[in-house]
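# Descriptive analysis of the structure
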Amino acid sequence: SNITLNAQPATPAAPTLAATHPTCTLATGSVTITAVAGETYSFDSGPYSATLVYSGLAAGSSHTVTAQNAAGCISSVSNITLNAQPATPAAPTLAATHPTCTLATGSVTITAVAGETYSFDSGPYSATLVYSGLAAGSSHTVTAQNAAGCISSVSNITLNAQPATPAAPTLTATHPTCTVATGSVTITAVAGETYSFDSGPYSATLVYSGLAAGSSHTVTAQNAAGCISSVSNITLNAQPATPAAPT
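So, a few notes on the structure that sits alongside this text. (Residues numbered from 1 in each chain as written. Predicted model: local features only at pLDDT ≥ 70, side-chain atom pairs only at ≥ 80, totals over all residues. Heavy atoms only, no water.)

### Remarks on the sheet that holds strand 1 (residues 17–20)
The test is simple: The rule for pairing is simple: two strands pair if DSSP sees at least two bridges between them. Only DSSP runs of H or I with at least four residues qualify as helices, and only runs of E with at least two residues qualify as strands; both kinds are numbered from the N terminus onward. Comment: axis = line fitted to C-alpha atoms, over the contacting stretch for helices; angle = value between 0 and 180 degrees taken between N-to-C directions.
If you walk across this open sheet you meet the three strands as 1-2-4, and the pairing is antiparallel. Each edge of the open sheet is held by one strand with a lone partner, namely strand 1 and strand 4 (53–58). For this sheet, the mean angle separating the axes of adjacent strands, direction not counted, is 25°. The pairing of strand 2 (residues 28–33) with strand 4 spans four bridges and is classified as antiparallel. Its bridge partner lying in strand 4, threonine 28 is registered against alanine 58.

### Quick word on the state of the cysteines
Rule in force here: Throughout, a disulfide means two cysteine sulfur atoms within 2.5 Å of one another.
What the rule picks out here adds up to two disulfides. For the protein, the bonded cysteines connect in the pattern 1-3, 2-4 when numbered consecutively along the sequence.

### Looking at the sheet that holds strand 9 (residues 117–120)
Within the open sheet, the three strands sit side by side as 9-11-12. Their pairing is antiparallel. One side of each edge strand has no neighbouring strand; the edge strands of this open sheet are strand 9 and strand 12 (155–158). Within the sheet, the average angular offset between the axes of one strand and its neighbour, ignoring direction, is 25°. Pairing between strand 9 and strand 11 (residues 139–145): four bridges, direction antiparallel. Across the sheet, residue serine 119 finds its bridge partner in strand 11, namely threonine 143.

Here it is in structure tokens:
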């Protein structure tokens, strides 16, 4: 009588695994098993099946897979770990330098965060932090991108309109007369303005009297925004001569 023993059944190789890691916008990942004919697979010690893709897996989680062939032989364990979800950067912090009385444009400064680049008004991401020469009243957007490629929510900022410069003040003189050697200057009031007389401090005073005959004076106006007008000039007449008593 003759008998022959079977060859030893082959043990399958450990499965080949590929991970799809969590992204900036998706908190879960997946594991894909490379199929080998005749094999089934156990994912995380579950039952053997023909399933090759396991999705919805938590960021940072670890997983095991073994292969079983038709002879029931089981491979060594393949291990795989998903990355943590990349952090999404916070919306950038912005500071505006607004237009002034004398400068019609403004600028926006971004507060730098290590490892981030910034897109200004949907432009390319760069390390630039200051954008100047921006039109008065204009609105701007900035997003941050970190090294993982994650993009923040949008930060918005609007520059103020340029403050108006007040018109030069309107002045009226009361000139010296035959009997009064001095004169006065009256400023026509404009709501919200104060006035500097002869380069003095700005105040709400509108009438300056007791001024010498023939004297010249200057007045500038300042509004609530601190803008200063051009100079208004006025000169009082000399006092008219009183004639001598008739002979």
